[in-house]
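Each chain, letter by letter, is given below.
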Amino acid sequence: MGTAPTAGVVVAALAFAGLMTSMAQTAMVPLVPLLPHLLHTSASGAAWAITAALVAGAAANPVVGRLGDMFGKRRVLLWTLGALFTGSLLCAFGDTLPTVVAGRAIQGCALGAIPVGISLLRELLPAARVATATALLSSMVGVGAALALPGAALLIQSASWHLLYWAFAALSLVALVGVWIAVPRPSRSATVVPMDTGGAVGLALGLVALLLALSQGGEWGWTSPRVGGLFLAAVVVLAWWGRWEWLRPHPLVDLRVSSARQVLVTNVTAILVGYATYALAYSMSQLLQLPTGTHYGLGLSPLAAGLCLAPSGVVMLLSAPLSSRLSERFGARITLATGCAVVTCGWSLSLLLRHTPWQLVLTSCIIGAGVGLAYAAMPLLVMTAVPAAQTAAANGLNTLMRSLGTASSGAVLGMILTTGVTVFQGASVPTEGAFRTVFLSAFAAALLATATALLLPSNRRADGGRAPLHTEPRHAQAGQLRWRGTASGR
């Protein structure tokens, strides 16, 4: 029997795993303009390389969380990292659209690593360290997205695009081995309940229909029969799914818990913050790369544009410990509302400061600081409102809400930037007014998120302040890990 790893080693292993899964989802973005040529397909066909990961990740998140509650979170976390490795290998070998789309879909399933990792922290760490570690791991969602853009652009610009996915395959293998070695099995046994297959299938079908309609609406036409049929199918299937889940003794998503005020309001806020977050990379990267001859574009290369947005990811990472301190002193409700207010401030400034690269760096860093505070507070609010046996599924649902926010953001912003266009040197480019509309919509989403966050219950026990986490037994609150070598829970 060996010694237990320190809490710092466990947090580092889980944070690295979360960073890799987050980066893998965004790394394809710099490739989008090149994919039709690289994969010998149309622009609409190439869009499936992005859509596949989005749809698969959204559908898999609550399922992966539930599997973690059922079969053990460490085991399921290793499965998700295995999926990231497999999907990266497929993309590394892929020269055809079906292969790359399949690889991206498998990579998307790995997004469940972050909510499962957050739930593992609750079971493994001393109670005094849970808030800070949770904030760090939750911030990986935004940090990975920001850091992936310059890293991917550098590899694509200096070498073959396949090297990007060979790098992800190697790094995901490192993350898998790191979790295998550094993260012990929790002493708490997994929940022995049957899998809600009907709930999983219904949720997946409903989300696929909804996200396909949102992501392809601009390409197919918002009034086309295909898009209308998908929206109708999503409403019908998700309505049936809600009734099914309400009647199950062991549902995939416990709607009674999820409809509680604290969980519901947190998830609604997650959608709005997800919208405002995705607008940062989606719109500012394009504005930075537009030719200077348009008189509002800044004429940077994809690599330089990615480097301009990278500091926002660093700021998100640095704001994680601040978020945990604010939550401990004032409660996670105040932290979430403060983060949303900072995002609102950043987007309001972007309406005035968008004419030079340094101005966009400044506003993106302010937005990144707010996103880091908000994302770090959400898991604490969820975990203090649900039973311990449902934390992975509940965090998976919260991550799903963020995905719905980014999906709707991509659809709405894509529609704005493709309809408000002008011709420059024979090519259609978004107008300055279109960018202003995008910034205004992100500002409105952040402002609404701030107001929504203030609807959360204000007592300290409910919002993740100094009160202990929900229904933890005394031995769990003491934590399995110590700073010095004690027996492992392996």
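Further up the page is the structure itself.
Please read these numbers as outputs of a predicted model, since none were measured by experiment.

Draft legend 1. Fine view of the nonpolar core. One finds Y165, L336 and W347 to be the most contacted residues of the largest nonpolar core, which totals 130 residues. Per-element accounting of this core gives the leading share, 11 residues, to helix α13 (residues 261–289). Among all residues touching W347, those that are not within four sequence positions of it are A276, A279, L280, S283, M284, I367, F439, A442 and F443. Formed by 5 residues, the second largest nonpolar core is a distinct cluster that contains V257, V263, V386 and A394.

Draft legend 2. Structural context of unusual backbone geometry. Even without being glycine, H295 reaches a positive phi, approximately 75°. As for its placement among the helices and strands, H295 is situated in the loop between α13 and α14 (302–330).

Draft legend 3. Region of interest: the packing of aromatic side chains. By the definition in use, this model includes 7 aromatic pairs. Measuring from ring centre to ring centre gives 6.2 Å for Y165 and F168, while their planes differ by 40°; the resulting arrangement is tilted. Note that Y165 and F168 are positioned in helix α9 (residues 161–182) at a spacing of 3 residues, about one turn of the helix. Considered together, Y165 and F168 belong to a single accessibility category, that of buried residues. Here the aromatic rings of W347 and F439 are separated by 5.3 Å at their centres, their planes lie at 55°, and the arrangement is tilted. Remark: F439 occurs in helix α18 (residues 432–453) and W347 occurs in helix α15 (residues 332–350); sequence separation between them is 92 residues. There is no split in this pair, since W347 and F439 are both buried. Of the aromatic side chains, those joined through ring pairs into one cluster are W161, Y165 and F168. Note that R74 overlies the ring of W180, its terminal NZ or CZ placed 5.2 Å from the centroid. Sitting over the face of the ring of W244, R248 holds its NZ or CZ atom 4.0 Å from the ring centroid.

Draft legend 4. Examining the environment of G199 more closely. Relative to the assigned elements, G199 resides in helix α10 (residues 197–220). Among residues more than four places away in sequence, those in contact with G199 are W241, W244, E245 and L252.

Draft legend 5. Molecular detail of the packing of α14 against helix α16 (residues 357–383). For the pair α14 and α16, interaxial distance at closest approach is 7 Å and the crossing angle is 35°. Two packed elements cross with a definite hand, and for α14 against α16 that hand is right-handed. Facing α14, whose interface residues are C308, L309, P311, S312, V315, M316, S319, L322, S323, L326 and S327, α16 presents P357, V361, S364, C365, G368, A369, V371, G372, L373, A376, A377 and L380. Tallied by class, residues from the contact of α14 with α16 come to 16 nonpolar, 7 polar and no charged.

Draft legend 6. Representation of the environment of M415 in the model. Note on placement: M415 falls in helix α17 (residues 391–419). With a relative accessible area of 30%, M415 lands in the partly exposed category. In the structure, M415 is positioned 19 residues away from A434 in sequence and 9.8 Å away in space, judged by C-alpha atoms.

Conventions used here
- Residues numbered from 1 in each chain as written.
- Predicted model: local features only at pLDDT ≥ 70, side-chain atom pairs only at ≥ 80, totals over all residues.
- Heavy atoms only, no water.
- Core = buried A, V, L, I, M, F, W, Y, C linked by side-chain atoms within 4.5 Å.
- Buried < 20%, exposed > 50% of the residue type's maximum accessible area, 1.4 Å probe, protein only.
- Helix = DSSP H or I, 4+ residues; strand = E, 2+ residues; numbered from the N terminus.
- Contact = heavy atoms within 4.5 Å.
- Phe/Tyr/Trp six-rings, centres within 6.5 Å; stacked < 30°, edge-to-face > 60°.
- Lys NZ or Arg CZ within 6 Å of the ring centre and 35° of its normal.
- Axes fitted to C-alpha atoms, helices over the stretch in contact; angles between N-to-C directions.
- Left-handed = near helix turned anticlockwise from the far one by under 90°.
- Nonpolar A, V, L, I, M, F, W, Y, C, P; charged D, E, K, R; others polar.

Function cannot be inferred from these measures alone, as they are strictly geometric.
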